[in-house]
Amino acid sequence: MTGEPSSHPTDCSEVLGRLYEYLDDEMPDGDCAKFREHIDECSPCLEKYGLEQSVKKLVKRCCGQDEVPADLRAKVLDRIDLIRGGDAPVPGPAGHRAPS
């Protein structure tokens, strides 16, 4: 990670770019093994992993108990369905809708 030639088969920038995918258990098993191997051998990446893991745990502990109102959840899911179906304009910069 310091710019020196890496002895790891996986580049640090690739590992750090997929850190939350790993933390959220969304990474394919084969990639998990390569990720874990890199983390075990690379101190700077291990440090960043530990920091991000701690932040994630803190957020979950502080905010993880909040209930999402059912109507808000339904609106968000409906909006996702509309966007996926191409039936709704995607908002532009600063939350403004793109011109139709």
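Here, the structure is the one placed above.
The model shown is predicted, which means the values in this text are computed figures rather than measured ones.

I'm lost on the environment of Leu46 in this one. Help?
Structurally, Leu46 is set in helix α4 (residues 43-63). For Leu46 and Arg36, which are ten residues apart along the polypeptide, the C-alpha to C-alpha distance reads 9.4 Å. With residues up to four places along the chain from it excluded, the contact list for Leu46 reads Arg36 and Ile39.

Is there a simple way to think about empty space enclosed by the protein in this case?
Any empty space left between atoms is shown by rolling a water-sized probe over those atoms. Overall, the coordinates contain one cavity of 30 Å³ or more when judged by the stated rule. Estimated volume of the largest cavity: approximately 60 Å³. As for the largest cavity, its lining consists of Thr10, Glu14, Val15, Arg18, Met27, Asp31, Lys34 and Phe35. For the lining of the largest cavity, the secondary structure elements donating two or more residues are α1 (12-17) and α3 (29-41). Among the elements that make up the lining of the largest cavity, the one with the highest residue count is α3 (three residues). Here the lining of the largest cavity is composed, by residue class, of three nonpolar, one polar and four charged.

How should I be thinking about the packing of aromatic side chains in this particular structure?
Both the distance between ring centres and the angle between the ring planes are used here to describe each pair of aromatic rings. In total, this model carries two aromatic pairs according to the counting rule given. On the numbers, 4.2 Å between centres and 20° between planes, the contact of Tyr22 with Phe35 is stacked. Of this pair, Tyr22 sits in helix α2 (residues 19-23) while Phe35 is found in helix α3, placing the two residues 13 residues apart along the sequence. In terms of burial, Tyr22 and Phe35 fall into one category: buried. Grouped by ring-pair contacts, the aromatic residues Tyr22, Phe35 and Tyr49 constitute a single cluster. One Lys or Arg, Arg36, reaches over the ring of Tyr49 and ends 5.3 Å from the middle of that ring.

I would appreciate a short explanation of the pattern of salt bridges in the present structure.
Opposite charge on two side chains permits pairing when their charged atoms draw close. Evaluated as defined, the whole model comprises five salt bridges. Among the salt bridges present, the one from Asp31 reaches Arg18, with a minimum N-O distance of 3.1 Å. Of the two residues, Asp31 sits in helix α3 while Arg18 sits in the loop between α1 and α2, which places them 13 residues apart along the sequence. By relative accessible area, Asp31 is classed as partly exposed at 25%. Linking Lys48 and Glu52 is a salt bridge whose minimum nitrogen-to-oxygen distance equals 3.0 Å. Within this pair, Lys48 and its partner Glu52 are both found in helix α4, separated by four residues, close to a single helical turn. Look at Lys48 and you get partly exposed, because its relative accessible area is 35%. Three or more residues are tied together by salt bridges with common partners; here these are Arg18, Glu21 and Asp31.

Parameters and conventions
- Residues numbered from 1 in each chain as written.
- Predicted model: local features only at pLDDT ≥ 70, side-chain atom pairs only at ≥ 80, totals over all residues.
- Heavy atoms only, no water.
- Helix = DSSP H or I, 4+ residues; strand = E, 2+ residues; numbered from the N terminus.
- Contact = heavy atoms within 4.5 Å.
- 1 Å grid on protein atoms, 1.4 Å probe; cavity = no way out; pocket = protein on both sides within 12 Å on 5 of 7 lines; lining within 4 Å.
- Points joined across faces, edges and corners; volume = space filled by probe spheres on them.
- Nonpolar A, V, L, I, M, F, W, Y, C, P; charged D, E, K, R; others polar.
- Phe/Tyr/Trp six-rings, centres within 6.5 Å; stacked < 30°, edge-to-face > 60°.
- Buried < 20%, exposed > 50% of the residue type's maximum accessible area, 1.4 Å probe, protein only.
- Lys NZ or Arg CZ within 6 Å of the ring centre and 35° of its normal.
- Salt bridge = Lys/Arg side-chain N within 4 Å of Asp/Glu carboxyl O.

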